[in-house]
Amino acid sequence: TTLCRALAYGAAGRTDAEIIVVLTISGIGFGTAFPSMMVATQNAAHGGNLGIATANHTFFRSLGGAAGVALFGAIIFSILAAHIDIVQGADLNDILQPGPVLTAVQPYLGRAFSAFFGAAGAVALLSAVGFLFMKEVPLRQHAGHEAPAE
């Protein structure tokens, strides 16, 4: 959350190296959190439902990722699209290619990514608050009820 807030305020004034460092730290944080969340999900499931719990966890994480990409992409492109009318006859797809449209919206990229990181920080804060309300379940020391081998 703090890293997103740091990028949200003044993203336009940040160097590429600063942004790479912050995104690397965020990636390391998420990279270590995902396996821990999977273990917590598997730990909360009863023995016979371990596969169902794992599949649901993976499905909803993928669904959340797809929704997140759509939401955050919409935030960035809506800010850039507001300034696309500077170039006559341009549409949103022209932002993705070198040319006059990209040149016209470049001054607004900092504002667009500031909004992106602000929204990401808000989502991260809501997630942290949600984790506070989760019931603590101690880790099991065994695999649970296993079906006999045939």
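See the structure shown above.
Presented here is a report on the structure given in the accompanying data block.

Reading guide: rules and limits
- Residues numbered from 1 in each chain as written.
- Predicted model: local features only at pLDDT ≥ 70, side-chain atom pairs only at ≥ 80, totals over all residues.
- Heavy atoms only, no water.
- Helix = DSSP H or I, 4+ residues; strand = E, 2+ residues; numbered from the N terminus.
- Expected span 1.5 Å × (residues − 1).
- Buried < 20%, exposed > 50% of the residue type's maximum accessible area, 1.4 Å probe, protein only.
- Polar contact = N/O pair within 3.5 Å; in protein donor to acceptor, adjacent residues only side chain to side chain.
- Contact = heavy atoms within 4.5 Å.
- Axes fitted to C-alpha atoms, helices over the stretch in contact; angles between N-to-C directions.
- Left-handed = near helix turned anticlockwise from the far one by under 90°.
- Nonpolar A, V, L, I, M, F, W, Y, C, P; charged D, E, K, R; others polar.

**Examining helix α5 (residues 109-132)**
- Its 24 residues give α5 an end-to-end C-alpha distance of 35 Å, which sits within 8% of 34 Å, the value for a rise of 1.5 Å per residue.
- Every buried residue belonging to α5 is among Gly110, Ala112, Ser114, Phe116, Phe117, Ala120 and Gly121, and all of these are buried.

**Considering the side chain of His57**
- Checked against the element boundaries, His57 lands in helix α3 (residues 50-81).
- His57 gets classed as buried once you look at its relative accessible area, which sits at 15%.
- A polar contact of 2.9 Å, which involves the side chain of His57, links it to the side chain of Thr41.
- Ignoring sequence-local partners within four residues, the contact set of His57 consists of Met37, Met38 and Thr41.

**Quick word on the packing of helix α2 (residues 16-44) against α3**
- Where α2 contacts α3, the axes come no closer than 9 Å and their chain directions differ by 145°. Where α2 crosses over α3, the two elements pack in a sense that is right-handed. Judged by residue contacts, Phe34, Met37, Met38, Thr41 and Gln42 of α2 engage Leu50, Ala53, Thr54, His57, Thr58 and Arg61 from α3.
- For the contact of α2 with α3, the per-class residue count stands at five nonpolar, five polar and one charged.

These figures come from the coordinates and say nothing about function on their own.
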